[in-house]
Amino acid sequence: MKSYAETTTKGMLFNFEKGLQNNSLTRRCRWTKFAFRHYQGSSEVSVTHIFGNQNYDAEILDNRQHKSPFSFIEVTQACEGENDHYRPLALKRDGHVSAYGPVNKSGTKATKIHVDVESIATSPSCLYKKACQFIEDAIQRKLVKPYPQETAVLVYFDDWGFMYARRRL
């Protein structure tokens with residue numbers, strides 16, 4: 001598993017126009033990291049990325065004597081939604097952007113999208129609450145979906161501001 005995780009991230013480039021958060025490579029990196037830790041790098045476990053419209057991203061084949069309770073992995077992101085895509089567009093255009101300021105978008109792909117991000121200071125307690133709310137929202141989105149039994153649902157998030165805020169509280 002470790003060699004797979006290393007090879008999937010080699011040469012990965014961030015494309016501001018397309019974003020990275022919904023990229024299947026990003027999802028594979030998330031569940032590969034989980035699988036490597038959870039299955040302790042066992043060569044008797046294989047995880048296969050599944051493309052399609054099913055309610056999971058990967059299937060697990062565990063040939064160990066003491067099997068894990070998981071047969072499937074679903075990955076989701078706790079984020080600001082569209083704003084996580086639009087903020088990097090302003091960064092590319094201006095060379096700087098507020099990491100937490102409100103995002104204002106106008107236009108469409110056809111008329112060209114214009115993004116403005118308000119420059120504001122944000123308190124650590126506000127960052128903490130916002131990060132917790134993103135995680136809660138992601139979990140609530142996933143709770144309403146039917147999953148196969150034995151599915152591990154992974155919620156990943158950007159914890160830079162979250163961890164920084166927690167140290168300051």
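The text that follows walks through the structure, step by step, so that each part is easy to find. (Residues numbered from 1 in each chain as written. Predicted model: local features only at pLDDT ≥ 70, side-chain atom pairs only at ≥ 80, totals over all residues. Heavy atoms only, no water.)

**Things to note about the pattern of salt bridges**
Point 1. According to the stated counting rule, one finds 5 salt bridges in the structure shown.
Point 2. Note that R93 is salt-bridged to D94, the shortest N-O span being 2.8 Å.
Point 3. Judged by relative accessible area, R93 falls into the partly exposed class, the value being 40%.
Point 4. One salt bridge connects R93 with D116, and the closest N-O pair in it is separated by 3.7 Å. Highlighted residues: R93 in helix α3 (residues 83–94) and D116 in strand β5 (residues 114–117), separated in sequence by 23 residues.
Point 5. Linked by salt bridges that have partners in common, R93, D94 and D116 make up one network. (Salt bridge = Lys/Arg side-chain N within 4 Å of Asp/Glu carboxyl O. Buried < 20%, exposed > 50% of the residue type's maximum accessible area, 1.4 Å probe, protein only. Helix = DSSP H or I, 4+ residues; strand = E, 2+ residues; numbered from the N terminus.)

**Quick look at the packing of aromatic side chains**
Two aromatic rings are characterised by how far apart their centres lie and by the angle between their planes.
Point 1. Under the criterion given, the structure shown has 2 aromatic pairs.
Point 2. On the numbers, 6.1 Å between centres and 65 degrees between planes, the contact of F34 with F70 is edge-to-face. With a gap of 36 residues between them, F34 in helix α2 (residues 24–38) and F70 in the loop between β2 (58–62) and β3 (72–78) connect regions that are remote in the sequence.
Point 3. Residue class for F70 comes out partly exposed when judged on its relative accessible area of 23%. (Phe/Tyr/Trp six-rings, centres within 6.5 Å; stacked < 30°, edge-to-face > 60°.)

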